[in-house]
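Residue strings, one per chain:
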Amino acid sequence: MASKSSQRRPDELLPLTPATFHILLALADAERHGYGVMQEVAARTGGVIRLGPGTLYGSLKRLAGDGVVEESEERADPGDDERRRYYRLTPFGRAVARAEARRMAAVVQLARSKRLIGVETA
C-alpha cells in the first residue's frame, strides 16, 4: 500500500499557512522537538511569530498525517528527556517546503514587477 505522500504532488498542499511554513523551515536544517521548533521560529522571526502549543502540535499532527514530517527515534542529546518527541522533514516534506518557497518567490517577484517592493519610494 502506498503512503499518502507517494500519492500526492507537493504543490497539492499549497499554499501553506505561515505557521506551517515556519515549522518546515525550522525542521529544514535539523531535527527538533516541539519546544525547539517554537524557539527556532521565534528566533528566526525576531519574535514576530510565536507558535503556541496548540498551533504547533496541531500542525505537526496534520503534517505527519500528510507524510510531510515524521517522528524521529534518534536524540540529538542522549541525555535529553525521553518524553520529548523529535520531528524531521520527510523527503516529501522537503519537496513541499521547496514548492512553497518557489511559490512565495514568484509572489515576491510579482510584487517587485508591480513596484510594490524593492524600489525607492518618494
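Residues numbered from 1 in each chain as written. Predicted model: local features only at pLDDT ≥ 70, side-chain atom pairs only at ≥ 80, totals over all residues. Heavy atoms only, no water.

## What about the environment of Leu14?
As for its position among the elements, Leu14 is in the segment before α1 (18-28). As a C-alpha pair, Leu14 and Ala97 span 83 residues in sequence and 9.4 Å in three-dimensional space. In contact with Leu14, other than residues within four places in its own chain, are Val96, Ala99, Glu100 and Arg103. (Helix = DSSP H or I, 4+ residues; strand = E, 2+ residues; numbered from the N terminus. Contact = heavy atoms within 4.5 Å.)

## Describing the sheet that holds strand β1 (residues 32-33)
What the three strands build is an open sheet, ordered β1-β3-β2; its pairing is antiparallel. Every interior strand has two partners, whereas the edge strands, β1 and β2 (69-72), have only one. Relative to strand β3 (residues 86-89), β1 runs antiparallel, the two sharing two bridges. For His33, the partnering residue across the bridge sits in β3 and is Tyr86. Set on the sheet, α1 makes contact with β1, β2 and β3; between it and β3 the angle comes to about 95 degrees. (Pairing = 2+ DSSP bridges. Axes fitted to C-alpha atoms, helices over the stretch in contact; angles between N-to-C directions.)

## A few points about the side chain of Ser59
Following the sequence through the fold, Ser59 ends up in helix α3 (residues 53-65). Of note is the side chain of Ser59, whose polar atom sits 2.8 Å from the backbone oxygen of Thr55. With near-sequence residues (within four places) excluded, Ser59 lies in contact with Thr20 and Ile23. (Polar contact = N/O pair within 3.5 Å; in protein donor to acceptor, adjacent residues only side chain to side chain.)

## Details of helix α4 (residues 91-113)
Over its 23 residues, α4 extends 33 Å from the first C-alpha to the last, a length consistent with the 33 Å expected when each residue adds 1.5 Å. Of the residues making up α4, those classed as buried are Phe92, Gly93, Val96, Ala97, Ala99, Glu100 and Ala111. The inward-facing, buried residues of α4 abut α1 and β3. (Expected span 1.5 Å × (residues − 1). Buried < 20%, exposed > 50% of the residue type's maximum accessible area, 1.4 Å probe, protein only.)

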